[in-house]
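Descriptive structure summary
What follows is each chain in one-letter form.
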Amino acid sequence: MVQPEQMSLTAHQHIQKYLETSPNPVISKEELNAILRLSQHLRVFGLLSAAAYVNQTNAQGGIVRSRILPVWKSLLGQLINSETPPSEEELREIIVQMAKEEPAKYMATWRKSMILSNHWNFWARAYSA
């Protein structure tokens, strides 16, 4: 269930938890760009696509991917389970299974991610250098 009044606080917690694992004490420009890209990706391609991107192991490496991956993995993982975020592979499997077997839950989770992404953007800017 999406609770709009709780989204900003939840997003703040997600950004704080990401910062705990980040080597930087504040959100860097590259991390901020990664968060903004996640927001765009969720709107254009969806939650399933974002989870698949995190799990890709093919030749899609590179500097851009290495900057995006830690941020996306953290935020999407916390979307699924804020206490113990799943690994990249588990994240993809959970979302694929949800899309196949519980489409209503998938759509609600996608909607929640799109609402959260606006708040992730806000809090990332608030904690950026």
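The rules behind each value
- Residues numbered from 1 in each chain as written.
- Predicted model: local features only at pLDDT ≥ 70, side-chain atom pairs only at ≥ 80, totals over all residues.
- Heavy atoms only, no water.
- Helix = DSSP H or I, 4+ residues; strand = E, 2+ residues; numbered from the N terminus.
- Rg over C-alpha atoms; globule rule 2.2 N^0.38 Å.
- Buried < 20%, exposed > 50% of the residue type's maximum accessible area, 1.4 Å probe, protein only.
- Expected span 1.5 Å × (residues − 1).
- Contact = heavy atoms within 4.5 Å.
- Core = buried A, V, L, I, M, F, W, Y, C linked by side-chain atoms within 4.5 Å.
- Polar contact = N/O pair within 3.5 Å; in protein donor to acceptor, adjacent residues only side chain to side chain.
- pLDDT = per-residue confidence, 0-100.
- Arc of directions from axis to C-beta.

What about the overall build of the protein chain?
Scanning the protein chain from N- to C-terminus turns up 6 helices and 0 strands. Here the C-alpha radius of gyration of the protein chain, 14 Å, is about what a compact globule of 129 residues would show, namely 14 Å. Expressed as lengths along the three principal axes of its C-alpha atoms, the size of the protein chain is roughly 40 × 40 × 25 Å. Sorting the 129 residues of the protein chain into buried and exposed places 37% on the buried side.

Some remarks on helix α2 (residues 29-44)
Compared with an ideal rise of 1.5 Å per residue, which puts 16 residues at 22 Å, α2 spans 22 Å between its outermost C-alpha atoms and is within 8% of the ideal. Along α2, the residues that are buried comprise Glu31, Leu32, Ala34, Ile35, Leu38, Ser39, His41 and Leu42. Buried positions along α2 lie against α1 (4-21), α3 (47-55), α4 (63-80) and α6 (103-126). Following α2 by one or two positions, Gly46 adopts a phi angle in the positive range, close to 105 degrees.

Some words on the nonpolar core
One finds Ile15, Ile27, Ile35, Leu38, Trp72, Leu76 and Trp120 to be the most contacted residues of the largest nonpolar core, which totals 29 residues. Those elements that place two or more of their residues in this core are α1, α2, α3, α4, α5 (88-101) and α6. When residues of this core are assigned to their parent elements, the largest contribution, 6 residues, is made by α4. Ignoring anything within four residues of it in the chain, the contact list for Ile27 reads Ile15, Tyr18, Leu19, Leu32, Ile35, Ala124, Tyr127, Ser128 and Ala129.

So, the environment of Tyr106
Tracing the chain through its elements places Tyr106 in helix α6. For Tyr106 and Leu48, which are 58 residues apart along the polypeptide, the C-alpha to C-alpha distance reads 8.9 Å. Dropping the residues within four chain positions of it, Tyr106 is found in contact with Gly46, Leu47, Leu48, Ile95, Met98 and Ala99. Among the polar contacts listed, one links the side chain of Tyr106 to the backbone nitrogen of Leu48, at a separation of 3.0 Å.

Examining the confidence of the model for the protein chain
Taken residue by residue, the protein chain gives an average pLDDT of 91. The fraction at 70 or more is 95%. Within the protein chain, α6 carries the highest mean pLDDT (96), whereas α4 carries the lowest (90).

Notes on α5
Its 14 residues place the ends of α5 20 Å apart at the C-alpha level, agreeing with the 20 Å of an ideal helix rising 1.5 Å per residue. All of the buried residues in α5 are Leu91, Ile95 and Met98. Angularly, the buried residues of α5 cover 60 degrees about the axis, an arc narrow enough to put them on a single face. Of the exposed residues in α5, those oriented more than 90 degrees away from the buried face are Lys100 and Glu101. Where α5 is buried, its residues contact α3, α4 and α6.

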